[in-house]
Amino acid sequence: MAIDDRTAAVPAEDPAATTPAEATPARAASPEATSPEATSPEAAPAPTSTGSTWSALRPLFLRVHFYAGLLIAPLLLIAATSGLLYALSFQAERILYGHELRVPVGDTVLPLSQQVDAARRAHPDGTVTAVWPSPEDGATTRVLMSSPAVEEGKSLAVFVDPYTAEVRGDLPSYGSSGALPLRTWLSEFHADLRLGELGRHYSEMAASWMWLVALGGLALWIGRRRATRRALFLPERGLTSRRRTLSWHGSVGLWAVTGLVILSATGLTWSRYAGENIDVLQTRLGGATPTVSATLDGAAGADAGHEGHGSGHHTAPAPTGPDIGIDQAVEAARGAGVAGRIAVTLPAEGTGYVVKETDTQYPVHLDSVAIDPADGAVIDELRFADYPLLAKLTRFGIDAHMGVLFGLVNQLLLAALMVGLIALVVWGYRMWWLRRPTKERRLSAGRPVARGAWRKAPVTLLLPLAAVTALVGWFVPMLGISLLAFLAVDVVLGRVAMARTHRAAREASAR
């Protein structure tokens, strides 16, 4: 492959300056443009001693960064675009479903039991499973039902005017955040492209690689030599073409890297393979999310599922014993300190009422209590303050990923992060294109750093790195499997290139 005139003047002994690794889509997922830095002497990487750790690892980082970007950038572009639409869907739902969600403020709020009865009359074939009382003036009460009118895993949300008990409409509802059809569709598309189990591999692959490419790119970006400290954080002025794109890519990526790593980590909790390992590890570390027990008289109760994309409501046998009713159950919960924005799960056979706070905005209010339907006694209570630290962090991360932790602020930050990620992907491909050979006027693209750079690293460094890589690859299987595929393809390509070189040498000597 011919080298273009932008690199012709660069000394060949600088390995970072003779390869176009910087111009890869890998940088679309990370803050570093893994650059040959060949356009000017002052842009060259900081000189390091021959045996330094960074000089040994940098070529390896460059090559992994290059190939990881080729794999992950298209997946990230899809995830970022769908994630942006999801972040905006919260406000879109308020507009699209305004008739169901909002009503004129009345004088008196009717008892919840009357509102639930109105929903039952409107849908006699449904079974009420939960109730979300009106959280603020002018908001409807949401009565959730299991119903043949909606698919499995979703609930039928019946919206009731809390002042008149008028049924304002009904919509399918999904998940612990009560996503309505628009947000549900976007959430499912973001999670699996609406392809089911096959589609989940896409999102797990993207989440598995994003943190690695982002952190690797961060190291590469920080390791560059620059004239001013400002150039680390903000795009440099006066640059042109590839170097300008590199400057924007690196500085924007630096600001985005923390959010990308958090999204990657929290996204993996929903994945099939890595998610299972995360659940096992979290449980062994004593950080599993606790649940309030609503079991009556030793009956077998079901634990709450993992909240997020996969939450749903299921029909359970109706209770046959005495029942104080939902209004007294809510009053009992209020007496136990659970009030404000709440969700009430109705009792089933062998269980009582469960009243949970659902205010995820800061400060977080997520206490819950279980109420005996026979006499209103508190069976069990769970305070968010008593959650293990790891469970709290998991909850914060998941809520931030879903855009509900800080409400509108969270959603705007998610939208900004997704716009930044889309820009990083586009800039990465642009740099890759600008590094193509041009003299031969043929279709081509930038090349990775030369093979075999890892051989220059000391064994004392390579062995621990290999062990860590193997451990991470086992814990995050989609990362490990794709990395092995990377290596296999790279070895084959290397053998093919070597065979071509030997054949060309033999032909030249024969002449």
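What counts, and at which threshold
All residue numbers refer to positions counted from 1 along the written sequence of the respective chain. Owing to the predicted nature of the model, reporting of local features is limited to residues with pLDDT of at least 70; listing and counting of side-chain atom pairs is limited to 80 or more, with chain, interface and lining totals taken over all residues. Note that water and hydrogens are dropped before the side-chain values are worked out from all heavy atoms of the structure. Strands are runs of DSSP state E lasting at least 2 residues, helices are runs of H or I lasting at least 4, and numbering of each runs from the N terminus. Exposure is judged per residue with a 1.4 Å probe applied to protein chains only, and the accessible area is read against the type maximum: over 50% gives exposed, under 20% gives buried, and values in between give partly exposed. By definition, residues are in contact when any of their heavy atoms lie within 4.5 Å. Calculation of accessible area relied on Shrake-Rupley with a 1.4 Å probe; when residues are assessed, cover is drawn exclusively from the protein chains displayed. Here, any two strands with at least 2 DSSP bridges between them count as paired. Geometry is summarised by axes, namely lines fitted to C-alpha atoms with helices restricted to the contacting stretch, and by angles between N-to-C directions that run from 0 to 180 degrees. To pair, rings of Phe, Tyr and Trp, with the six-membered ring standing in for Trp, must have centres within 6.5 Å; the planes then decide the type, stacked if under 30 degrees apart, edge-to-face if over 60, and tilted in the middle. Throughout this description, the term charge over a ring refers to an Arg CZ or Lys NZ atom that lies within 6 Å of the ring centre and within 35 degrees of the ring normal. UniProt positions are given in the numbering used here, feature names are shortened, and annotations may be inferred rather than shown by experiment. Joining through side-chain atoms within 4.5 Å is the link that ties buried Ala, Val, Leu, Ile, Met, Phe, Trp, Tyr and Cys residues into a set, and such a set is a nonpolar core. The labels follow the angle: roughly parallel below 35 degrees, roughly antiparallel above 145, roughly perpendicular from 65 to 115, and oblique for the rest. Each residue is assigned to one of three groups, with Ala, Val, Leu, Ile, Met, Phe, Trp, Tyr, Cys and Pro labelled nonpolar, Asp, Glu, Lys and Arg labelled charged, and all others, Gly among them, labelled polar. Between N or O atoms, a polar contact is any pair within 3.5 Å; within protein, one atom must be a potential hydrogen donor and the other a potential acceptor, and residues adjacent in sequence are included only when both atoms are from side chains. By definition, turning the near helix anticlockwise from the far helix through less than a right angle yields a left-handed crossing, and turning it clockwise yields a right-handed one. Every case where a carboxyl oxygen of Asp or Glu lies within 4 Å of a side-chain nitrogen of Lys or Arg is listed as a salt bridge. Each helix should span, by expectation, one fewer than its residue count multiplied by 1.5 Å.

Novice: Tell me about the overall build of the protein chain, and name the residues and values.
Specialist: When you go through the protein chain residue by residue, the secondary structure sums to 13 helices and 8 strands. Within the protein chain, the fraction of its 511 residues that count as buried is 49%. Residue pairs at least 24 apart in sequence account for 68% of intrachain contacts in the protein chain once pairs closer than 6 positions are excluded. For the protein chain, the accessible surface area stands at approximately 25,100 Å², while carbon and sulfur atoms represent 62% of it.

Novice: Give a description of the sheet that holds strand β7 (residues 368-371) that names residues and reports values.
Specialist: Strand order in this open sheet of 8 strands is β4-β3-β2-β1-β5-β6-β7-β8, and the pairing throughout is antiparallel. Sheet topology places β4 (167-173) and β8 (378-382) at the edges, where each strand pairs with a single neighbour. Strand-to-strand, the axes of this sheet are offset by a mean angle of 20°, without reference to chain direction. Pairing of strand β1 (residues 127-132) with strand β5 (residues 342-345) involves 2 bridges; the strand directions are antiparallel. Across the sheet, residue A130 finds its bridge partner in β5, namely T345.

Novice: Give me unusual backbone geometry: which residues, what numbers.
Specialist: Phi angles above zero are rare outside glycine, and A165 is one such case at about 65°. We note that L193 has phi near 55°; this positive angle belongs to a residue other than glycine. Counting through the fold element by element, L193 comes out in the loop between α4 (181-192) and α5 (197-222). The exposure class of L193 is partly exposed, given its relative accessible area of 22%.

Novice: Tell me about the packing of aromatic side chains, and name the residues and values.
Specialist: The geometry of an aromatic ring pair is captured by two quantities: the separation of the ring centres and the angle between the planes. A complete count under the given rule lists 9 aromatic pairs for this structure. Arranged with centres 5.5 Å apart and planes meeting at 80°, the rings of Y86 and F90 form a pair that is edge-to-face. Taken together, the positions of Y86 and F90, both in helix α1 (residues 53-96) and 4 residues apart, correspond to about one turn of that helix. Taken individually, Y86 and F90 each receive the classification buried, so the pair is uniform in this respect. Taken together, the ring pairs in this structure connect F384, Y387 and F396 into an aromatic cluster. Note that K154 overlies the ring of Y174, its terminal NZ or CZ placed 5.1 Å from the centroid.

Novice: Tell me what's going on with the UniProt feature "transmembrane region" (unreviewed entry) in the protein chain, and back it up with residues and numbers.
Specialist: Mapped onto this numbering, the UniProt entry annotates "transmembrane region" (unreviewed entry) at residues 66-88, 206-224, 245-265, 412-432 and 453-475. Note that residues 66-88 is 100% helix and 0% strand, and that its end C-alpha atoms are spaced 32 Å apart. Annotation note: span residues 245-265, helix share 100%, strand share 0%, distance between end C-alpha atoms 28 Å.

Novice: Would you mind going over the nonpolar core in detail, with residue names and values included?
Specialist: Counting residues in each nonpolar core, the largest one holds 32 residues, and the members touching the most others are I72, L76, W209, L260, M418 and L421. Contributions of two or more residues to this core are made by α1, α5, α7 (241-268), α8 (273-284), α11 (408-434) and α13 (477-510). Counting residues per element, this core draws most heavily on α1, which supplies 9 residues. By size, the runner-up hydrophobic cluster in this structure holds 26 residues, among which are L156, I326, V330 and A332.

Novice: Account for the packing of α1 against α4, naming residues and giving values.
Specialist: Packing of α1 against α4 brings their axes to within 8 Å, and their N-to-C directions diverge by 170°. By the criterion of interaxial angle, the relationship of α1 to α4 is roughly antiparallel. The segment α1 lies against α4, with I78, A79, S82, G83, L85, Y86, S89, F90, A92, E93 and L96 engaging P181, L182, R183, L186, S187, F189 and H190. Split into classes, the residues belonging to the contact of α1 with α4 amount to 11 nonpolar, 5 polar and 2 charged.

Novice: Describe the pairing of strand β3 (residues 155-160), naming the residues involved and giving the relevant values.
Specialist: Among the 6 residues in β3, 6 count as buried, and that is most of the element. In this sheet, β3 lies alongside strand β2 (residues 141-146) in antiparallel orientation, the contact comprising 5 bridges. The residue of β3 that forms the bridge with L144 is A157. Two strands pair when backbone bridges link them, and β3 and β4 are joined in this way by 6 bridges, in the antiparallel orientation.

Novice: Any details on the side chain of T184? Residues and values, ideally.
Specialist: Here T184 is to be found in helix α4. The exposure class assigned to T184 is buried, which follows from its relative accessible area of 5%. Here A179 takes part through its backbone oxygen, which lies 3.1 Å from a polar atom of the side chain of T184.

Novice: Describe the packing of α1 against α5, naming the residues involved and giving the relevant values.
Specialist: The N-to-C vectors of α1 and α5 enclose an angle of 140°; their axes lie 7 Å apart at closest approach. Here α1 is positioned oblique relative to α5, judged by the angle of their axes. Handedness of the crossing formed by α1 with α5: left-handed.

Novice: Describe the pattern of salt bridges, and please don't skip the residues or the numbers.
Specialist: This structure, assessed with the given rule, holds 12 salt bridges. The closest approach of N and O atoms between R102 and E136, which form a salt bridge, is 2.9 Å. Residue R102 is found in the loop between α2 (98-101) and α3 (112-122), and its partner E136 is found in the loop between β1 and β2; the two are separated by 34 residues along the sequence. We note a salt bridge from K154 to E188, for which the minimum N-O separation is 3.0 Å. Separated by 34 residues along the polypeptide, K154 in the loop between β2 and β3 and E188 in helix α4 bring together distant segments of the chain. For the residue pair K154 and E188, the accessibility class agrees, reading buried in each case.

Novice: Describe the environment of V158, with residues and values.
Specialist: Counting through the fold element by element, V158 comes out in strand β3. Looking at V158, the relative accessible area reads 0%, which means it is buried. Put simply, V158 and D170 are 12 residues apart on the chain and 4.3 Å apart in space, counted from C-alpha to C-alpha. Not counting residues up to four positions away in its chain, the partners in contact with V158 are A119, H123, T141, R142, V143, M145, V167, G169 and D170.

Novice: Hey, could you go over α13 for me, with residue numbers and the actual values?
Specialist: Across its 34 residues, α13 extends 49 Å between first and last C-alpha, which sits within 8% of the 50 Å expected from 1.5 Å per residue. Contact partners of the buried residues in α13: α1, α5, α8 and α12 (459-475).

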